[in-house]
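Listed below, chain by chain, are the residues.
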Amino acid sequence: MINVQRCFRILVAMLAALLSFDVAAVQPQRDRSSAIAFKSSEKDNIFTAERSSVEITPAIAGAKVLALTVKDEYGKTVNLALPALPAPNVILNLPQRGYYAIDAQVTGQAGSWSTTAAVIGQAASADPHSPFGIWTVHGDPKQALKAGSTWARQIWNLRDYRLDKDGRIISQRRKRGDYQGMKLIGTLAYGLPDWLTSDPSTTRTKKLAAPKDWDKFKELVAMFANDIEPFAPYFEIYNEPEYAWQGNEADLVKMLITIADIIRTARPSTKIIGPTFANLDVDRLRRYQRLGFFDHIDGLSIHPYVEGTAPEGKFIQKIREIKAFLVETGHAEMPIYMSEWGWTTAAGGWQPPVSELVQAQYLTRSLALMRAEKIDALLYFCLRFNSQQAGVREFSVVHADGTPKPAYAAFANVVRWLSPAIDSRRLDTGSTTEMVVYRTPDHSVLTAWAPAGAPTPKLPESLGNWEDMMGRPLSGALPQLSGSPIFARIADPGFFDVHVESALSARAGDTLKIDGLTAAPTPLKITADGQLKIPANTISGIYFIACQFQSNWILKPLSVKNKP
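Asks: Got a sec to walk through the environment of F293? Specific residues and values, please.
Replies: By the secondary structure assignment, F293 is in the loop between α7 (282–290) and β13 (299–305). For F293, a relative accessible area of 0% puts it in the buried group. Between the alpha carbons of F293 and K254 there is a distance of 8.3 Å; along the sequence they are 39 residues apart. What F293 contacts, discounting residues up to four positions off in sequence, is I237, V253, L256, I257, G274, P275 and Y288.

Asks: I'd like a description of the environment of S540, backed by residues and values.
Replies: The topology assignment puts S540 in the loop between β27 (531–533) and β28 (541–549). Note on S540: relative accessible area 35%, which makes it partly exposed. Filtering out sequence-adjacent residues up to four positions away, S540 remains in contact with V560, K561 and N562. Within the structure, S540 has its side chain in polar contact with the side chain of N562 (distance 2.8 Å).

Asks: Explain the nonpolar core to me, using residue names and the numbers behind them.
Replies: One recurring pattern in soluble globular proteins is that nonpolar side chains are buried together. One finds F224, F294 and M338 to be the most contacted residues of the largest nonpolar core, which totals 103 residues. The biggest single contributor to this core is helix α11 (residues 406–418), with 10 residues. Beyond its immediate stretch of four places on either side in the chain, F294 contacts L285, Y288, Q289, L300, F325, L326, H331 and M334.

Asks: Can you explain the packing of aromatic side chains? Please cite residues and give values.
Replies: With the rule as written, the count across this model stands at 26 aromatic pairs. Arranged with centres 6.1 Å apart and planes meeting at 65 degrees, the rings of W156 and F224 form a pair that is edge-to-face. Taken together, the residues span a long stretch of sequence, with W156 in strand β9 (residues 151–156) and F224 in helix α4 (residues 214–227) at a distance of 68 residues. The two residues W156 and F224 agree in class, both being buried. With a centroid separation of 4.6 Å and an interplanar angle of 20 degrees, the aromatic rings of W350 and F395 are classed as stacked. One end of the pair, W350, is in the loop between β14 (336–338) and α9 (356–372); the other, F395, is in the loop between α10 (390–393) and α11, and 45 residues separate them in sequence. Among the aromatic residues, those joined into a ring-pair cluster are W135, Y305, W350, F381, F385 and F395. Over the face of the ring belonging to F277 we find R284, whose NZ or CZ atom lies 5.6 Å from the ring centre. Looking at R425, its charged tip hangs above the ring of F496, at a distance of 5.8 Å from the centre.

The rules behind each value
Position numbers for residues start from 1 in each chain and track the written sequence from start to end. For this predicted model, a pLDDT threshold of at least 70 governs which residues receive local features, and a threshold of 80 or more governs which side-chain atom pairs are given and counted, while totals over whole chains, interfaces and linings are taken from all residues. The side-chain numbers reported here are obtained from all heavy atoms of the structure, hydrogens and water having been left aside. Secondary structure elements follow DSSP: runs of H or I of four or more residues count as helices, runs of E of two or more count as strands, with numbering from the N terminus. The rule is simple: take the accessible area with a 1.4 Å probe, protein chains only, and divide by the maximum for that residue type; under 20% is buried, over 50% is exposed, in between is partly exposed. Residue contacts are counted whenever heavy atoms from the two residues lie within 4.5 Å of one another. Polar contacts here mean pairs of N or O atoms no more than 3.5 Å apart (in protein, one a potential hydrogen donor and the other a potential acceptor; neighbouring residues in sequence count only if both atoms are side-chain atoms). By nonpolar core we mean a set of buried residues, namely Ala, Val, Leu, Ile, Met, Phe, Trp, Tyr and Cys, connected to one another through side-chain atoms within 4.5 Å. Here a Phe, Tyr or Trp ring, Trp counted by its six-membered ring, pairs with any other such ring whose centre lies within 6.5 Å, and the pair is stacked when the planes are under 30 degrees apart, edge-to-face when over 60, and tilted otherwise. Criterion for a charge above a ring: Lys NZ or Arg CZ within 6 Å of the ring centre, and within 35 degrees of the ring normal.

Right, here's the structure in full:
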């Protein structure tokens, strides 16, 4: 978790929010008074089924449900079969996977009451090789597990340790969270005890300074390592140390190495990872490399925050720079753990805010892109964070009452789609349109989207079975690509080796002979003799067609223009 010392960055983010847009204007107003009760069969209206329902009952005697509105993540009304209203009790059926924002009005009461629900389907089976996790922080680990999370994270501190009257450190049994079914990454934060720090001011600020007695510090770290049972199988040396440190960099590296070596001695089976910077700072990593830091770790952990920008820009570029740095320094095989990043939906945090829809889009796109980079662990921040600062609290993918935001449903969906992947690669589409393909043991997966400002092509419906970002099946003509990724299950595992050729050009009304033509998007048609017919009323745009030559697949972007 990025700590509260980021005052300057928070001020910048708040200013940016004021200059950009009012996020509150696009967020649901969630009145939680007792005029109405929403009840369901699963906690927080998060359903591991293909369909479910929510019961809506006025809490005031004699009152009736007057009106109901159900909207999706875009704020569009969902066409559901609603009962005749007013009614004393309503069972609202949610017929398929997806996100639902429910708003109800009650007779005799002004205003409305709302809740949200996510139908996420059967939880993805626990894959020990899955990189996907969500840091619960203050949330329920069972809700993370329900969404398919296989990684967890927990912060401990050394500040609470005390000395007895003879100056000996008093052992404390440290609590480990209940992360059954998930691999735990532990870490330290919040500085040293007042009796050990060389800078007394850090006991108030929770920053980190060198110990005034290094031997006592080593004794403390060893005691900590033995006070947790069972210990974490992965351990980040210290959380975002560059923001906490009071001193020069060489002394910080010395302190991190000291912690790493003591934990390794006490817990030899634990993987030591670090340095867990708050951002993708390659220059700082180079300095740590020169100081010998990488000789003391088993894996690189880092937090890829990039000031709230879209994942296709500096975010993924910097991650690729990190990977290139490891190759350059002889650590090409070193595992990489991205243990915290995310986007907030309210002003006042350390990043500019985005809407709830964009939070879900960026979550999905960042996970899809990083899966293609073969990162070993991907822990999104976060399930739920209880904070008085809205900008920090709203990094959460659930609301304060535990009900889901669109990002929760998006996380569960991307995990279900991409956990089985045994290989992955990003396709070069020749444009800023994004496509990533994944291989599983028995099929291929294609995910595609169009970041803001990118071309918005159409893809062939018959290529596979398609779903949207929330897990809803897509039938009929596919929409143009947008900022919300769509996913296709393609029966042929060999599709993984597909490549994208240079664009073709045609005009509405043309008929083209294209070798190997296999699939084309609506309204384009494949004739009985295998030609591609472009109807005269086809709208100008980019249409991807699929061709197959024995086991080889090709995607061809076709630029269609109207007749002059």
